[in-house]
Amino acid sequence: MNITVIGTGYVGLVTGACFAHIGLNVTCADIDKGKIDALNAGRIPIYEPELEEIVRASHKQGRLDFTTDVPAAVKGADAVFIAVGTPSMADGRPDLTAVIAVARTIAPALDPETVVVVKSTVPVGSGAYVERVLRETAPDAVFSMASNPEFLREGCAVQDFLNPDRIVVGVGDCHARDVMTAIYAPFGQDGVPVVVTNIPTAELIKYAANAFLAAKVAYINEMANLCDAVGADVDQLSRAIGLDERIGPAFLKPGPGYGGSCFPKDTLALTALAHEADCPVRIVEAVISSNTYHIRRLVSRIEAEFAAAWTERGYGDTKLHGKTVALLGLAFKSNTDDIRSAASLVIVPHLLRRGARIRAYDPAAMDNARALMPELDYCESEADVLAGADAALLLTEWPQFKELDWPELASSMAAPVLFDLRNLYAPSTMAEMGLAYFSLGRPAATEEALFSAR
Ligand SMILES: NC(=O)c1ccc[n+]([C@@H]2O[C@H](COP(=O)([O-])OP(=O)(O)OC[C@H]3O[C@@H](n4cnc5c(N)ncnc54)[C@H](O)[C@@H]3O)[C@@H](O)[C@H]2O)c1
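Conventions we followed
Residues numbered from 1 in each chain as written. Predicted model: local features only at pLDDT ≥ 70, side-chain atom pairs only at ≥ 80, totals over all residues. Heavy atoms only, no water. UniProt positions renumbered as here; feature names shortened; annotations may be inferred. Helix = DSSP H or I, 4+ residues; strand = E, 2+ residues; numbered from the N terminus. Core = buried A, V, L, I, M, F, W, Y, C linked by side-chain atoms within 4.5 Å. Buried < 20%, exposed > 50% of the residue type's maximum accessible area, 1.4 Å probe, protein only. Domains from an automatic or database assignment. Contact = heavy atoms within 4.5 Å. Axes fitted to C-alpha atoms, helices over the stretch in contact; angles between N-to-C directions. Parallel < 35°, antiparallel > 145°, perpendicular 65-115°, else oblique. Left-handed = near helix turned anticlockwise from the far one by under 90°. Pairing = 2+ DSSP bridges. Right-handed = clockwise from strand over helix to strand, strands pointing away.

- Looking at an unreviewed UniProt entry, one finds the protein named UDP-glucose 6-dehydrogenase, with Kaustia mangrovi as its source organism.
- Within the UniProt record for the protein, the comment given under Catalytic activity (unreviewed entry) is "UDP-alpha-D-glucose + 2 NAD(+) + H2O = UDP-alpha-D-glucuronate + 2 NADH + 3 H(+)".

### Thoughts on the environment of Thr105
So, point 1. As for its placement among the helices and strands, Thr105 is situated in helix H5 (residues 97-106).
So, point 2. Spatially, the C-alpha atom of Thr105 lies 19 Å from that of Val26, the residues being 79 residues apart in sequence.

### A few points about the nonpolar core
So, point 1. Counting residues in each nonpolar core, the largest one holds 66 residues, and the members touching the most others are Phe306, Leu327, Ile347, Leu393, Trp406 and Tyr425.
So, point 2. The dominant element in this core, judged by the number of residues it contributes, is helix H13 (residues 282-312), at seven residues.
So, point 3. In this structure, this core is formed jointly by two domains, domain 2 (208-288) and domain 3 (289-452), each of which donates at least three residues.
So, point 4. Residue contacts for Ile347: discarding those within four places in its chain leaves Ile295, Val299, Ile302, Leu393, Leu395 and Leu421.

### Digging into the packing of helix H10 (residues 199-230) against helix H12 (residues 263-276)
So, point 1. Following both chains from N to C, one finds H10 and H12 inclined at 120°, their axes separated by 9 Å at the closest point. The angle between the axes of H10 and H12 places the two elements in the oblique class. Once H10 is placed against H12, the crossing between them reads as left-handed. Where H10 approaches H12, its residues Leu204, Lys206, Tyr207, Asn210, Ala211, Leu213, Ala214 and Val217 are matched on the opposing element by Phe263, Asp266, Thr267, Ala269, Leu270 and Leu273.

### A few points about the UniProt feature "binding site: NAD(+)" (unreviewed entry) in the protein
So, point 1. Within the UniProt annotation, "binding site: NAD(+)" (unreviewed entry) is assigned to Asp30, Lys35, Thr86, Thr121, Glu154, Lys265 and Arg340. Look at the named residues: they lie 311 residues apart in sequence, and the longest C-alpha span between them is 24.2 Å, so in the fold they stay spread out.
So, point 2. In this structure Lys35 comes out as partly exposed when scored by relative accessible area, which is 23%.
So, point 3. The contact partners of Lys35, leaving out residues within four places of it in the chain, are Thr8, Gly9, Asp30 and Pro45.
So, point 4. When its relative accessible area of 13% is taken as the criterion, Lys265 is described as buried.

### What about the sheet that holds strand E11 (residues 377-378)?
So, point 1. A sheet is described by the order of its strands in space; here six strands give the open sequence E11-E10-E9-E12-E13-E14, paired in parallel fashion. Single-partner strands in this sheet number two, and they are E11 and strand E14 (436-438).
So, point 2. With respect to the sheet, H13 is in contact with strand E9 (324-328), strand E12 (391-394), strand E13 (417-420) and E14, its orientation differing from that of E13 by roughly 160°.
So, point 3. Along the sheet, helix H14 (residues 344-353) makes contact with E9, strand E10 (357-361) and E12, crossing E10 at roughly 150°.

### A word on the pairing of E9
So, point 1. With five of five residues buried, E9 is to be regarded as a mostly interior element.
So, point 2. Residues Thr324, Ala326 and Leu328 of E9 are buried on one face, and the alternating residues Val325 and Leu327, pointing to the opposite face, are buried as well.
So, point 3. In this sheet, E10 lies alongside E9 in parallel orientation, the contact comprising five bridges. Of the residues in E10, the one forming a bridge with Leu328 is Tyr361.
So, point 4. The handedness of the E9 to E10 crossover, carried by H14, is right-handed.
So, point 5. Note that E9 and E12 share four bridges and pair parallel. Of the residues in E12, the one forming a bridge with Val325 is Ala391.

Below is the structure:
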């Protein structure tokens with residue numbers, strides 16, 4: 001089968017590469033010449049584990065091509081997947097400009113019987129809108145419509161795409177159903193449930209799933225704050241509630257609030273859609289406001305904890321002004337270079353306004369961060385960023401941060417103060433190493449107090 005994927009970002013490139021990996025012939029098209037030139041030269045424009053290997057292998061075997069010529073790319077395709085960005089507009093609704101631009105570009109070039117598949121996350125009714133644009137642009141075109149929302153997570157996108165929990169396909173007619181079922185047949189044979197439904201339902205499933213996951217994140221963050229307030233331990237709480245199979249353990253780790261390119265945008269889009277339908281989703285509205293409040297509250301807490309730690313260590317002046325704060329991690333999560341809606345984008349401006357000097361290190365996201373936060377001092381390594389710092393903030397749960405030699409690193413800091421927004425370390429271990437250590441929902445040394453008291 002011949003597949004075209006339009007948009008070679010986090011979703012489009014992974015989709016194209018994985019389809020080629022399972023044996024389909026794929027052309028990936030993008031209007032960004034820099035990206036396409038890089039891909040044709042064997043370079044991957046984003047950081048995503050395992051992607052480079054499968055792109056290289058399929059490209060070499062002739063099953064994966066890259067082009068900026070979008071109309072030519074759709075010629076001879078059985079299915080054209082639209083995977084361009086749908087960022088939030090000021091009113092929370094997603095901006096469909098890129099999706100519609102693609103529809104206008106491909107309409108005159110579609111071969112009869114091609115299935116146009118919207119993979120971008122779009123509100124209910126967008127499939128019908130894209131179909132209308134295609135028909136207006138090329139009244140004689142013969143095509144079918146489908147929706148195929150994507151559920152991969154950045155950082156493990158290849159594995160998620162190749163081993164999904166389920167595949168959701170919305171179809172406009174029998175031909176679309178047959179083509180989509182054939183494309184995903186290898187997954188179905190491996191036992192992956194393929195949910196075939198109508199297009200509006202498929203469109204809504206994506207938002208409903210992301211809003212539910214965002215709710216879990218917001219919920220555990222509120223529980224972590226409550227644990228801090230009442231002396232309970234969120235790690236144990238999270239484990240215990242996650243063992244209930246009606247709840248499940250995923251997305252029950254406290255942090256700086258959900259970020260990234262999906263949850264913030266998709267929760268806003270769902271509330272906007274619900275308002276238009278005069279059917280408000282109060283729970284999702286509460287999730288958004290909880291998440292916004294959480295990060296703001298954290299910013300104040302960071303400042304207060306740093307001041308308390310500096311007082312304890314005899315610093316005369318405990319204001320952030322003039323202090324050097326080291327950031328460990330900038331990406332919105334580990335294993336990605338994506339900083340869209342990352343906590344760093346909220347925390348850094350606040351620290352800068354307070355007059356702090358900020359040094360930062362992230363294993364993959366520094367190029368993207370530099371473009372948005374040029375005023376930071378970007379460092380080469382964890383040791384480099386921490387040396388001489390008055391305090392450190394761990395923002396991203398990169399696996400290598402777990403392995404750091406803290407006794408050594410702490411001794412290189414002006415003051416060994418660490419606020420860990422990902423609960424990567426045990427409070428008791430960090431205290432033993434002499435750090436003033438703060439984390440979320442884990443009052444210092446609760447466990448020891450409990451088990452050593454007799
Ligand atoms: N990133 C994720 O984790 C994720 C997961 C699931 C779903 N989604 C959804 O998938 C869609 C794409 O997200 P992304 O993160 O891959 O975006 P992205 O910004 O990484 O990539 C979008 C790509 O589309 C290209 N593009 C824009 N206009 C174009 C046009 N007219 N013709 C051809 N190419 C064009 C851009 O150059 C860019 O390379 C969004 O709707 C997003 O909500 C994203």
